[in-house]
Structure formats: structure tokens, C-alpha cells
Amino acid sequence: MVSYKLTYFDGRGAGEICRQIFAFAEKKYEDNRLSDEEWAKFKATGKAPYNQLPLLEVDGKPLAQSHAMARYLAREFGINGKTHWEEAQVNSLADQFKDYYSEARPYLAVKLGYTEGDADELYKTVYLPAFKKHYGFLSNALKASGKGFMVGDSLTWIDLLVAQHSADLLAREGEGLFKDVPEMKTHSQDIQAIPQIKKWIEKRPVSDW
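Quick summary incoming for the structure in this document.

Conventions we followed
- Residues numbered from 1 in each chain as written.
- Predicted model: local features only at pLDDT ≥ 70, side-chain atom pairs only at ≥ 80, totals over all residues.
- Heavy atoms only, no water.
- 1 Å grid on protein atoms, 1.4 Å probe; cavity = no way out; pocket = protein on both sides within 12 Å on 5 of 7 lines; lining within 4 Å.
- Points joined across faces, edges and corners; volume = space filled by probe spheres on them.
- Helix = DSSP H or I, 4+ residues; strand = E, 2+ residues; numbered from the N terminus.
- Nonpolar A, V, L, I, M, F, W, Y, C, P; charged D, E, K, R; others polar.
- Axes fitted to C-alpha atoms, helices over the stretch in contact; angles between N-to-C directions.
- Parallel < 35°, antiparallel > 145°, perpendicular 65-115°, else oblique.
- Contact = heavy atoms within 4.5 Å.

**Re the layout of surface pockets**
Step number 1: One number sums up the size of the largest pocket: a volume of about 1200 Å³.
Step number 2: Listing elements by their share of the lining of the largest pocket, those giving two or more residues are β1 (4–9), α1 (16–25), α3 (66–77), α4 (84–111) and α6 (157–173).
Step number 3: It is α6 that provides the largest number of residues to the lining of the largest pocket, a total of eight residues.
Step number 4: Taken as a whole, the second largest pocket encloses approximately 260 Å³ of empty space.
Step number 5: In terms of lining, the second largest pocket is formed by R19, F22, A23, E26, K27, K28, Y29, D31, Q196, K199, W200 and K203.
Step number 6: Per-element accounting of the lining of the second largest pocket gives the leading share, four residues, to helix α8 (residues 195–203).
Step number 7: Looking at the lining of the second largest pocket, its residues break down into four nonpolar, one polar and seven charged.

**Regarding the packing of α1 against α3**
Step number 1: Running from amino to carboxyl end, α1 crosses α3 at an angle of 10°, the nearest separation of the two axes being 9 Å. In terms of their interaxial angle, α1 and α3 are classed as roughly parallel. Contacts between α1 and α3 pair I17, C18, I21, F22 and A25 from the former with S66, M69, A70, L73, A74 and F77 from the latter.
Step number 2: Residues that form the contact of α1 with α3 fall into these classes: ten nonpolar, one polar and no charged.

Structural data, given as C-alpha cells:
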């Protein structure tokens, strides 16, 4: 039996996508959550390949980078797309999502308290343009599918990734942000209502991020 261990901080962040993949697949794993002090000690051991988290260990073998980890688990558990073409589409959307996050990062870093700055100004000049552009791309993919999923006619890990981010935005920024893309709000609600995901959300530790 394969053993899985996920090491990350005590928040959703970049570790949440793997947690939700495990939840959907109903697979057991060790959810190892570190404090900042514990991370400093762990980092000093050299066990994290790139000196960063999250870290996935499969039978003791380490794998870094959240999207690489998600792709691996999604393929193992059958939610990476039904065909090679669908898998490529999922990966394309995941890379596009990274582009969105990169553009939005200056605002999100201030909003979440990681750096100082004028959050209101960054929201107008940085975040809104990034959201409208990239959520427009996501909306196009959802509409092209026509099945309520980002790719094909069944759940893939990109649905989990986008749905959680949308849920975080709805909680933090409000529904008005989605006035031009209401289908993305519906997508988030529908994905997070999947029984295994709903159960995980109800029991996971509460965090601000």
C-alpha cells in the first residue's frame, strides 16, 4: 500500500489542491502542518528539494512544486482528464492560472498582509484587470465544456483549484466581483458541493488563507 505525506503550513494556500485531491479520491495521507518555527527546523534538514513548501512524499520519496504534485496525484486517482488531449487542456489551464496569480500577486500580497502597500489602489490598477482578463479565459473554457466542468464532462483537478480560489474571492471580495462571470461563481459552488469535497471543507482546520 502506497503511503502519502503532505507537508505544508497550517493554512490552505498552495497545499490545499493536494488535500482536496486526496479528499475526492478518499485516499488516506498524513497531513503534516508546520508552524513557522517548525518549518525553519525542517528546512535546515535539507529534506525539501527546493527549500520550499508544499512537499509531497510518496513512500518516502520527495516531490516538490504544488502543480507537479497535483498533476501526479490527479493522474494516480483518475482526475487528470479522460484522454491525453483533455490532460493537456487541464495542464494548459493550470499554467494560465499561474499567469493570473503572478499578475495578481502584488495586490494579494498586500491584501493578505504579507507586504505593505495601498490595497485599494492595487485592487483597481492591478487586481481587477488581472481578474477580468484571466477569469474571462476560465469562463470561456467552462462554457466550451458545457458540462459544468472546466475540461470535458467530469471533474479534473483544475476544477478543484479554480473553485477553491473562487470561493476564497467570494468570501473576501464579495459577489460583486463575479457580476460579469456569474457562471464561475456557480462553478465554485457546484464543485464544492461534491460530497467528498463538501465533507472535507466542513472538517478542515479553519484558516484565513
